[in-house]
Amino acid sequence: MINLPSLGDEVSVWMDAPPAEVWDLVSDVTRIGEFSPETFEAKWTRGSTGPEVGAFFAGHVKRNGVGPTYWSPCRVTACEPEKVFEFSVGTDAVTVNNWGYRLEPKDGGTLVTEYFRLDPNLPTRLYWLVLGPLRRRTNRHGMRTTLERMKAVVEK
């Protein structure tokens with residue numbers, strides 16, 4: 001049996017702020033450009049105006065921070081205030097990736113975990129087998145950067 005690599009990863013950072021303050025950052029997609037090294041802006045789309053399951057938004061991405069640049073359609077798939085905010089990336093018919101944030105009250109602050117998980121279809125598994133280690137490293141660096149930038153905002 002072949003042991004395939006995991007199709008996701010996560011990074012956690014403790015923030016000296018209550019979950020409500022952190023929630024305001026992770027669930028406001030219009031602020032992602034302040035934090036992410038790849039997604040430099042986002043906007044609610046299709047009549048959506050804020051975080052709720054089923055809401056749509058688009059993220060403007062500069063792949064690996066250098067290009068190419070494109071808009072990624074996204075849909076909120078989990079939205080529990082002060083606990084979890086997750087969204088899928090892809091079309092209405094095909095999910096390519098899922099990203100999210102989990103918030104856990106801890107030591108008077110919040111342990112914030114950003115994570116991603118790829119859809120386990122065959123093309124994605126083949127891509128991940130070949131380029132997964134490089135992309136995982138890029139994603140881990142991006143998640144750490146995003147969370148550290150959020151931490152700097154909530155701990156001012």
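Residues numbered from 1 in each chain as written. Predicted model: local features only at pLDDT ≥ 70, side-chain atom pairs only at ≥ 80, totals over all residues. Heavy atoms only, no water.

A. Structural detail: helix α2 (residues 122-154). End to end, α2 covers just 40 Å across 33 residues, shorter than the expected 48 Å (1.5 Å per residue, more than 12% under). At Leu131, α2 shows its strongest bend, of approximately 80°, with the proline Pro133 following within four residues. (Helix = DSSP H or I, 4+ residues; strand = E, 2+ residues; numbered from the N terminus. Expected span 1.5 Å × (residues − 1). Bend = angle between axes of the 7 residues up to and from the residue.)

B. Quick peek at the environment of Glu86. Secondary-structure assignment places Glu86 in strand β5 (residues 84-90). With 68 residues separating them in the primary sequence, Glu86 and Pro18 have C-alpha atoms 19 Å apart. With residues up to four places along the chain from it excluded, the contact list for Glu86 reads Arg75, Val76, Thr77, Ala78, Asn98, Trp99, Gly100, Tyr115 and Arg117. For Glu86, the side chain forms a polar contact with the side chain of Tyr115, separated by 2.5 Å. (Contact = heavy atoms within 4.5 Å. Polar contact = N/O pair within 3.5 Å; in protein donor to acceptor, adjacent residues only side chain to side chain.)

C. Focus on the nonpolar core. With 33 residues, the main nonpolar core has Met15, Val26, Phe57, Phe85, Tyr101, Leu147 and Met150 as its most contacted residues. Breaking this core down by element, the ones donating at least two residues are β1 (8-15), α1 (19-26), β2 (39-45), β4 (69-80), β5, β6 (95-106), β7 (109-118) and α2. The greatest single-element share of this core, amounting to five residues, is contributed by α2. Apart from residues no more than four positions distant in its own chain, Val26 is found in contact with Phe85, Tyr101, Leu103 and Met150. (Core = buried A, V, L, I, M, F, W, Y, C linked by side-chain atoms within 4.5 Å. Buried < 20%, exposed > 50% of the residue type's maximum accessible area, 1.4 Å probe, protein only.)

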